[in-house]
Amino acid sequence: MAKKNQNPHLNPETFRDALASVGDDGKRNWVYPKKVKGFYFRYRTYLSWVLLAVLFAGPFIRIDGRPYMLFNIFERKFIIFGAVFWPQDTILLIFLLLILFVFVILFTVVFGRVWCGWACPQTLFMEMVFRKIEYLIEGDANQQRTLNEAPWTGEKIWKKGLKTTVFAFISLLIGHLVMAYLIGVDEVREIVTRPPSENIAGFTGVLAFSGIFMFVFAWFREQACIVVCPYGRLQGVLLDDNSINVIYDYIRGEPRGPIRKNVVEEPAKGDCVDCGLCVQVCPTGIDIRNGTQMECVNCTACIDACDEVMVKVERPTGLIRYASENSVKGGVQKLFTGRVRGFSLVLVVLLGAFVALIATRDELAGTVTRFPGMTYQEREAGRVSNLYNITLINKTFEQQRVEIDVLADGMDVEIVGAKEWVLAPQTKFEGRFFLVRNQADVKVPQEKVTLQLLNHGEEFDEIETNFMAPVGALKQ
Ligand code: SF4
Ligand code: SF4
């Protein structure tokens, strides 16, 4: 992270030269975080139950028969908290993403990576699901290390086999969950209940997502936060000395050193007894005493571990705690800095614009394009026509009837196969129609015409297009 370590007792930058999870030989240093317990872990566990329940329930929640959340990138249809967004609502989605982006920035500037530690699905699944299963099957950090280094005995095969099976099962569950968010529960049910050959794409999607999750949670693990996650990369520019983070109080803790009975230390030691527990429990393998680091996902494991030590050595807890650099240095916690006020203002403006756009968005929308590869068609009785495609979107929750009219003298509209279009609620419809006129009335080879889209006789959209036909008599 760009911010300098402010602990005067340390060589400020050497720890930044290497990743804790990569050895000197460039190979992976497998991190074996020790089991943790304590105040924060307990509340993170409770919250994880709630969040996982919400996450798994998400695709099943329906309001008036439609999903509450759907991110169908394939059909470019999104339902967010019950509100439907179509490709025509791209501007709304951009606003929504901008709002989310600014909110995340604002939240991070004030509260650091609290999202990573408490609510990010990667941390939730890794620390609260997969890690716990691993502890259950293979034991705590030391037992896991011993098992990994041991030869392939029956016990090792059994434990590794069981863990892989359970991990694969949960990865499959998450794979199905992601697909349910993308294409809807009904489609996933179809994929599950029918032979794979009937829905190769869907089946492949489920397997691909499940494979990715198995890879991430069984092997890639903390690398996802350290190397891949773009939010993690942003920390260096978002955090400042007023941001609240998991932080080591070096003023109180240094100079560190073990407690020696009946020895008066000269100079006096700080509160850190250098037990190393905060490092042993860290899922990204770092030493928080080096200062705020990009690898720290603010999981609070080191807070719990250190508090336990402080209780044992009868010193005040909170040597590692949620605090800002400035509060450690000067004891002052300042939340509403100029940056926070600036981001808040931008957020309010974006929210206002979003509400205004939602309030004024069209419930019915249409787009017209000329039929590709065709100019005009000659008809009987000296008539000439052009063929068009029309895409209609009904964003309402009722069935709608749409008619089309053309604002050009002597020109008629012929809807292919119907008199009007009937649109089911919340659907996209694609149709075709002709514009027809007497060839003798054609004055220019390319005439601009205005189409009127009507719903119950009332215009809801006007669309400009071109009518093409040769000027003069057609060859017979
Ligand atoms: S330094 Fe502490 S809060 Fe940060 S990731 Fe490691 S254990 Fe979690
Ligand atoms: S757990 Fe606390 S006392 Fe132990 S090394 Fe870490 S900061 Fe020091």
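Read on for a plain summary of the structure. (Residues numbered from 1 in each chain as written. Chains lettered and ligands numbered in written order. Predicted model: local features only at pLDDT ≥ 70, side-chain atom pairs only at ≥ 80, totals over all residues. Heavy atoms only, no water.)

**A few points about the site of ligand 1**
Near ligand 1 lie 13 residues; those nearest to it are C282, C296, V297, C299 and C302. Taken together, the residues of the shell around ligand 1 sort by class into 10 nonpolar, 3 polar and no charged. (Near = heavy atom within 4 Å. Nonpolar A, V, L, I, M, F, W, Y, C, P; charged D, E, K, R; others polar.)

**Brief notes about the site of ligand 2**
In the vicinity of ligand 2, the contacting residues are Y248, C272, V273, D274, C275, G276, C278, R289, C306, M310 and I320. Of the residues belonging to the shell around ligand 2, the class tally is 8 nonpolar, 1 polar and 2 charged.

**A look at the sheet that holds strand β16 (residues 458–468)**
Here 4 strands make up an open sheet; going across it, the order is β13-β11-β15-β16 and the pairing antiparallel. Of all strands in the sheet, those bounded by a partner on one side alone are β13 (421–423) and β16. Across the sheet, the mean angle separating the axes of adjacent strands is 30° when strand polarity is ignored. Pairing geometry for strand β15 (residues 446–455) and β16, over 10 bridges, is antiparallel. (Pairing = 2+ DSSP bridges. Helix = DSSP H or I, 4+ residues; strand = E, 2+ residues; numbered from the N terminus. Axes fitted to C-alpha atoms, helices over the stretch in contact; angles between N-to-C directions.)

**Some details on the environment of G410**
Along the chain, the position of G410 falls in the loop between β11 (400–406) and β12 (411–415). Its relative accessible area of 45% is what places G410 among the partly exposed residues. C-alpha of G410 to C-alpha of V442: the two residues are 32 residues apart in sequence and 10.0 Å apart in space. Non-local contacts of G410, meaning those with residues more than four positions away in its chain, are made with V436 and R437. (Buried < 20%, exposed > 50% of the residue type's maximum accessible area, 1.4 Å probe, protein only. Contact = heavy atoms within 4.5 Å.)

**Overview of unusual backbone geometry**
Following E254, the chain continues to P255 via a peptide bond in cis, the omega torsion being -10°. The residue N298 is not glycine, and still its phi comes out positive at about 55°. Examined against the element boundaries, N298 turns out to sit in the loop between α12 (277–280) and α13 (301–312). Accessibility expressed as a relative area gives 2% for N298, which makes it buried. Despite not being glycine, A381 shows a phi value in the positive range, around 60°. Structurally, the position occupied by A381 is in the loop between β9 (377–378) and β10 (383–394). Here A381 falls in the exposed class, since its relative accessible area comes to 73%.

**Quick notes on the nonpolar core**
Of all hydrophobic cores here, the largest spans 24 residues; its most connected members are W421, F433 and L435. When contributions to this core are tallied by element, the ones reaching two or more residues are β8 (364–370), β10, β11, β12, β13, β14 (427–438), β15 and β16. Examining the composition of this core, we find that 4 residues originate from one element, β10, more than from any other. With near-sequence residues (within four places) excluded, W421 lies in contact with I390, L392, Q400, R401, V402, I404, I415, F429, G431, R432 and F433. Counting residues in each nonpolar core, the second largest holds 23 residues, with W118, V273, C282 and I286 among its members. (Core = buried A, V, L, I, M, F, W, Y, C linked by side-chain atoms within 4.5 Å.)

**Re helix α7 (residues 185–193)**
Residues of α7 that are buried include every one of V185, V188 and I191, and no others. Summarising the axial view, the buried residues of α7 lie within an arc of 115°, below the 170-degree limit, and thus occupy one face. Where α7 is buried, its residues contact α6 (154–183) and α8 (200–220). (Arc of directions from axis to C-beta.)

**Remarks on the packing of helix α2 (residues 90–111) against helix α15 (residues 338–359)**
Relative to each other, α2 and α15 sit at 160°, their axes nearing to 9 Å. As far as their axial angle goes, α15 and α2 are roughly antiparallel. Crossing angle aside, the handedness with which α2 passes α15 is left-handed. Taken together, the residues of α15 that come into contact with α2 (itself represented by I91, L92, F95, L96, L98, I99, V102, F103, I105, L106, V109 and V110) are R339, V340, F343, S344, V346, L347, L350, L351, A353, F354, L357 and I358. Of the residues in the contact of α2 with α15, the class split is 22 nonpolar, 1 polar and 1 charged. (Parallel < 35°, antiparallel > 145°, perpendicular 65-115°, else oblique. Left-handed = near helix turned anticlockwise from the far one by under 90°.)

**Overview of the pairing of β14**
When β10 meets β14, the two strands line up antiparallel, connected through 12 bridges. Bridged to V384 within β14 is R437.

**Focus on the sheet that holds strand β4 (residues 77–80)**
Taken together, the 3 strands give an open sheet; going across it, the order is β3-β4-β5, and neighbouring strands pair in antiparallel fashion. Looking along the sheet, the strands with just one partner apiece sit at the ends: β3 (69–72) and β5 (83–85). Taken pair by pair, the neighbouring strands of this sheet meet at an average axis angle of 20°, ignoring direction. Where β4 meets β5, 3 bridges bridge the pair, whose relative direction is antiparallel. Considered in β5, the bridge of F78 is made with F85.

**As for the pattern of salt bridges**
For the structure shown, the criterion picks out 25 salt bridges. One salt bridge connects E198 with R194, and the closest N-O pair in it is separated by 3.0 Å. Given a relative accessible area of 42%, R194 falls into the partly exposed group. Notably, a salt bridge pairs E447 with R437, separated by 3.0 Å at the nearest N-O pair. Of the two residues, E447 is situated in strand β15 and R437 in strand β14; the sequence distance between them amounts to 10 residues. (Salt bridge = Lys/Arg side-chain N within 4 Å of Asp/Glu carboxyl O.)

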